[in-house]
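Understanding the architecture of this molecule
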Amino acid sequence: MSKTAKTAKTARTVYLLANGDLRVSANRNCEAAQVAMEQQIGAALKKLGWTVKRAHAFDPEKGHGFIDSQKYGMEIFRGLPPEAPLIVAEAVWQYSHHILHGLSTHKGPILTLANWSGTWPGLVGMLNLNGSLTKASIKYSTLWSEDFTDAFFLDGLRAWLKKGKVRHDTAHARPLRKVEVPASTEKLGRRFAKKLRHEKAIMGVFDEGCMGMYNAIIPDELLHPTGVFKERLSQSSLYAKMLTVKDEEARAVLDWYLSRGMRFQFGPNEETDLTEAQVLQQCKMYIAAVRIADEFGCATIGIQYQQGLKDLAPASDLVEGTLNNTERPPVYHEQTGAELFAGEALPHFNEVDECAGLDGLVTHRIWRELGLPPENTLHDLRWGRHYKDDTLDAYVWVFLISGAAPPAHFIGGWSGASGERQPAMYFRLGGSTLKGISKPGWVVWSRVYVAKDSLRFDTGLAEVVELPRKETEERWRLTTPQWPVMHAVLQGISRDQMMARHKSNHIQVAYGTDKASARRALLAKAVAMQELGLQVSVCGDL
């Protein structure tokens, strides 16, 4: 142990990092919440006889105290005692690569912490960091709390300070081999996987590594055995293709949206409102994406948008949700005039999350074989709270994503969809979301992730419930009101079990027609994933 680390331990001092966003506006907006959270953490540590030392200062010129680049992160880690206890505290969306380098060589115990809040996105930031640490085989512990005074948090913090690790209950997850699978379902899953490996498929990736999501990049040597291969595409090419789309083609797409009953909240100010010009640019992006996918033979595509494309065009989310829907505006080949991907969705993975890309492709195809609606999407595992009325008494999660949900998931379909301007904090050039409330029913949730240099797959059932409009509006107000929402009740999994096990901010969902069909689809996909070489765990009650 180094002299500085010995001093830190003797003094019972914990170092604290606040990793942040690259975008200045997001960091400034979350600064006050971060300060308040750190004060609560400091009080909790003091109660246990420890002090906290912040590893980096507030920057008055930037207007925040977050680590906002990989370069700055490296500077900070050079001055940290390498064996000192280290807390990474998050009340903001964070780019994991800003600090992953330093955490990979840090010898002291590491604890990731987040505030239990839908408004300040520390939870999703921490889940992404946890998934990245898991992929990188970096040892860490993790905790979360609403006010950092509850017994769950304090007991966990006490254990970490004493032993350097926190243990959580993850008994809800069990290997697929311990689950009874009907013979016909197993046969279907294995047949599907063998066909995919034989025929193979192309995953189109428009610029890898969105917002520091190291966990969302599947190494080629792990992906190839599944039969899926990446076509690395450029967002520059996507933008260039947008410039070739005719104005009348874009107008036809917008007219299609309106004819299906979608409502856009247009306003006059480009900087603060959604405008028709922004949506027409998104319509061009949609056409361009489909044409490039056809040109390269892609079975699924992912657009990064952040970073790079955000400085050139409105947000890609309207495009993404449209691509994920079977019923969508037709797109035609530039020369032959043939309709591209006619009668099909073109599965899109938001934020080029390749783990969601593999999951989404397999889901789309196996759901079609089962005769189920194939539309699927990822959401952020954003937040949740208990809800009780005369008909429901359950912990209801808020699944929320920035606009990529397919309208087939919404109450009312396209007529239940609305378009609102993306928040300027994240989307300077605006663009429409694809907003709606997910319909009641049964969904299969899942996540592909990397751990111990292998692909893993967790899956379970959730019931999507319809909450009173007042409660839905309140949940939107506490999170992001412009984005599509799903009210999900996980089956046989507590809040803390889910947080302890889940290795991403993202969660994939697809509907069955009822609970029985969702259960059959879950098992068929689980078998297929196992046959493709993934280590499969079934979570919760079926």
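Per chain, residues are indexed from 1 in the order of the written sequence. This being a predicted model, a pLDDT of at least 70 is required before a residue's local features are given, and a value of 80 or more before pairs of side-chain atoms are given or counted; all residues contribute to the totals for chains, interfaces and linings. Side-chain metrics rest on all non-hydrogen atoms present in the structure, leaving aside hydrogens and water.

1. Observations regarding the pairing of strand S7 (residues 201-206)
- Note on classification: 1.4 Å probe, protein chains only; a residue is buried when its accessible area is under 20% of the maximum for its type, exposed when over 50%, partly exposed between these limits. Only DSSP runs of H or I with at least four residues qualify as helices, and only runs of E with at least two residues qualify as strands; both kinds are numbered from the N terminus onward. In terms of residue burial, S7 counts as a mostly covered element, since five of its six residues are buried.
- Strand pairing follows a simple DSSP-based rule, namely that at least 2 bridges must link the two strands. Pairing analysis gives six bridges linking S7 to strand S8 (residues 228-233), with the strands arranged parallel. Bridging across to S8, Met-203 finds its partner in Lys-230.
- In this sheet, strand S10 (residues 300-303) lies alongside S7 in parallel orientation, the contact comprising four bridges. Its bridge partner lying in S10, Val-205 is registered against Gly-302.

2. Focus: the packing of helix H9 (residues 235-242) against helix H11 (residues 276-296)
- One can describe the packing of H9 onto H11 by two numbers: an axis separation of 8 Å at closest approach and a directional angle of 115°. Two packed elements cross with a definite hand, and for H9 against H11 that hand is right-handed. Listed contacts from H11 to Ser-237, Leu-238, Lys-241 and Met-242 of H9 are Gln-281, Lys-284, Met-285, Ala-288, Ala-289, Ile-292 and Glu-295.
- Residues are sorted three ways: Asp, Glu, Lys and Arg are charged, Ala, Val, Leu, Ile, Met, Phe, Trp, Tyr, Cys and Pro are nonpolar, and all the rest, Gly among them, are polar. In terms of residue class, the contact of H9 with H11 is made up of six nonpolar, two polar and three charged. The axes used here are C-alpha line fits, helices contributing only the stretch in contact, and every angle between their N-to-C directions lies in the interval 0 to 180 degrees. Helix crossings fall into two classes, left-handed where the near helix is turned counterclockwise from the far one by less than a right angle and right-handed where it is turned clockwise. When checking whether two residues touch, look at their non-hydrogen atoms; a contact exists if any pair is within 4.5 Å.

3. Brief notes about the pattern of salt bridges
- Take a side-chain nitrogen of Lys or Arg and a carboxyl oxygen of Asp or Glu: if they are within 4 Å of each other, that pair is a salt bridge. Applying the stated criterion to the full structure yields 29 salt bridges.
- Between Arg-23 and Asp-21 there is a salt bridge, with its nearest N and O atoms 2.8 Å apart.
- Taking the relative accessible area as the measure of exposure, Arg-23 reaches 10% and is therefore buried.
- The residue Lys-435 makes a salt bridge to Glu-420 at a minimum N-O spacing of 2.9 Å. With Lys-435 in the loop between strand S13 (418-419) and strand S14 (441-451) and Glu-420 in the loop between S13 and S14, this residue pair connects regions lying 15 residues apart in the sequence. Glu-420 matches Lys-435 in its accessibility class, with the two residues each being buried.
- Sharing partners across several salt bridges, the network here consists of Glu-208, Asp-220, Lys-230, Arg-232 and Glu-354.

4. Re the nonpolar core
- Residues grouped as a nonpolar core are buried Ala, Val, Leu, Ile, Met, Phe, Trp, Tyr and Cys residues, joined through side-chain atoms within 4.5 Å. In terms of nonpolar packing, the biggest core is built from 134 residues, with Leu-238, Tyr-257, Leu-358, Phe-399 and Trp-445 touching the most fellow members.
- The element best represented in this core is H11, accounting for eleven residues.
- Apart from residues no more than four positions distant in its own chain, Leu-238 is found in contact with Phe-206, Met-285, Ala-288, Ala-289, Ile-292, Ile-303 and Leu-309.
- Membership of the second largest hydrophobic core comes to 22 residues, among which are Leu-45, Trp-50, Phe-148 and Leu-154.

5. What about the packing of helix H7 (residues 183-199) against helix H13 (residues 354-369)?
- As a packed pair, H7 and H13 sit with axes 11 Å apart at the nearest point and diverge in direction by 130°. On the basis of the axis angle, H7 is oblique to H13. Seen from above, H7 lies across H13 with right-handed handedness. Across the interface between the two elements, Leu-188, Arg-191, Phe-192 and Leu-196 of H7 pack against Val-362, Arg-365, Ile-366 and Glu-369 of H13.
- Its residues placed into classes, the contact of H7 with H13 shows five nonpolar, no polar and three charged. Angle categories are assigned with fixed cut-offs, so that under 35 degrees is roughly parallel, over 145 is roughly antiparallel, 65 to 115 is roughly perpendicular, and the rest are oblique.

6. What to know about the state of the cysteines
- Cysteine sulfurs are considered disulfide-paired once they come within 2.5 Å of each other. As enumerated under the stated definition, the model contains zero disulfides in all.
- Cys-298 takes part in no disulfide bond, and the closest cysteine sulfur to it belongs to Cys-210, at a distance of 18 Å.
- With relative accessibility at 3%, the residue Cys-298 sits in the buried group.

7. Quick look at the sheet that holds strand S5 (residues 141-145)
- In spatial order, the strands read S2-S1-S3-S4-S5; together these five strands make up an open sheet with parallel pairing. The strands lining the two open edges of the sheet, one partner per strand, are strand S2 (51-54) and S5. Here the average twist between neighbouring strands, direction ignored, is 30°.
- The pairing of strand S3 (residues 86-90) with strand S4 (residues 110-115) spans five bridges and is classified as parallel. Bridge pairing links Leu-86 to Ile-110 in S4.
- Against the sheet, helix H2 (residues 24-47) makes contact with strand S1 (13-17), S2, S3 and S4, and its axis sits at roughly 145° relative to S3, the strand it touches most.
- Across the face of the sheet, helix H5 (residues 122-135) comes into contact with S3, S4 and S5 while running at roughly 155° to S4.

8. Some remarks on the pairing of S4
- Buried residues dominate S4, accounting for six of its six residues.
- Neither face of S4 is open: one carries Ile-110, Thr-112 and Ala-114, the other Leu-111, Leu-113 and Asn-115, and all of them are buried.
- With its strands directed away from the observer, a crossover is right-handed exactly when the path from the first strand over the helix to the second travels clockwise. At this point the chain moves from S3, through helix H4 (residues 100-105), to the parallel S4, and the crossover so formed is right-handed.
- In the classification by handedness, the crossover that spans S4, the intervening H5 and the parallel S5 is right-handed.

9. Some points on the environment of Gly-108
- For Gly-108, the position within the fold is in the loop between H4 and S4.
- Residue Gly-108 is classed as buried on the basis of its relative accessible area of 10%.
- With 32 residues separating them in the primary sequence, Gly-108 and Tyr-140 have C-alpha atoms 9.7 Å apart.
- The contact partners of Gly-108, leaving out residues within four places of it in the chain, are Pro-82, Glu-83 and Ala-84.

No statement about biological role is implied by the geometric values presented.
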